[in-house]
Amino acid sequence: NYYEYGGIYTERYKVTDASGNTATCSFRIIVLDPVVPTITCPANTTVDNDAGLCGAYVTYSFPYFGDNCPNYSLMQLAGPNSGEFFPVDTTLVSFKVTDDQGNMTTCEFTVTVRDVEKPVIVTCPADRFVLTSSNGTGDCSGLVPDLIGEVVATDNCGIDTITQSPEAGTS
């Protein structure tokens, strides 16, 4: 006999001996699906940030998925949806496909957004005169002042550090 997926079939047996006595029994056959669905995610991808933003709006292809039987579904487990904003960094995106028998499998990929936008110095310290030391020993050099507090800068992802060269206090 051929049994279809999702079907419940009752089988009956009857045994007769040489004297004509009979006995019967029956049992059910429930056709289940032991096959795990398939899923293939897109490849890992790397993009540059969108101008002026600390990330990018990234569109990716959804996974290819399927099963040997009907009634399966795809669910996103992690990461932004395709077309949404991804911050500068590496973000994991994962999906799961499950069939109606509870068989499931997952796949994952990463989206890396690189910050390629340079910071902008809005205000640079003004030129200035620095006096030599007056310790009376013929010293003709002065100390570099600390001008970091006068620098104003912006960046799409924020300013991490501002350094000065030569360093403050250098002769």
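Residues numbered from 1 in each chain as written. Predicted model: local features only at pLDDT ≥ 70, side-chain atom pairs only at ≥ 80, totals over all residues. Heavy atoms only, no water.

## Here we look at the pattern of salt bridges
If the charged atoms of two oppositely charged side chains come close together, the side chains can form a pair. Counted by the stated rule, this structure contains two salt bridges. Notably, a salt bridge pairs R114 with D48, separated by 2.5 Å at the nearest N-O pair. Of this pair, R114 sits in strand 10 (residues 104-114) while D48 sits in strand 4 (residues 45-48), and the two are 66 residues apart along the sequence. With relative accessibility at 43%, the residue R114 sits in the partly exposed group. For D48, a relative accessible area of 35% puts it in the partly exposed group. Residue E150 is joined to R128 by a salt bridge in which the shortest nitrogen-to-oxygen separation is 2.6 Å. Taken as a pair, E150 in the loop between strand 11 (120-123) and strand 12 (152-154) and R128 in the loop between strand 11 and strand 12 lie far apart in primary sequence, 22 residues in all. (Salt bridge = Lys/Arg side-chain N within 4 Å of Asp/Glu carboxyl O. Helix = DSSP H or I, 4+ residues; strand = E, 2+ residues; numbered from the N terminus. Buried < 20%, exposed > 50% of the residue type's maximum accessible area, 1.4 Å probe, protein only.)

## Brief notes about the side chain of T91
Relative to the helices and strands, T91 is located in strand 9 (residues 89-99). On the basis of relative accessibility, which here comes to 16%, the residue T91 falls in the buried class. Excluding residues that lie within four positions of it along the chain, T91 makes contacts with G79, P80, F86, F109, T110 and V111. (Contact = heavy atoms within 4.5 Å.)

## Observations regarding the state of the cysteines
For the coordinates displayed, the defined rule picks out two disulfides. Disulfide pairing is shown between C41 and C107; the S-S distance is 1.9 Å. The chirality of the disulfide connecting C41 with C107 is right-handed, given an S-S dihedral of about 65°. Taken as a pair, C41 in the loop between strand 3 (38-40) and strand 4 and C107 in strand 10 lie far apart in primary sequence, 66 residues in all. A relative accessible area of 11% means that C107 is categorised as buried. There is a disulfide in this structure between C54 and C157, and the S-S distance comes to 2.1 Å. In this structure, the disulfide formed by C54 and C157 twists by about 110° around the S-S bond and is classed as right-handed. Within this pair, whereas C54 is found in the loop between strand 4 and strand 5 (55-57), its partner C157 is found in the segment after strand 12, the two being separated by 103 residues in sequence. Sequential numbering of the bridged cysteines in the protein chain gives the disulfide pattern 1-3, 2-4. (Disulfide = S-S within 2.5 Å.)

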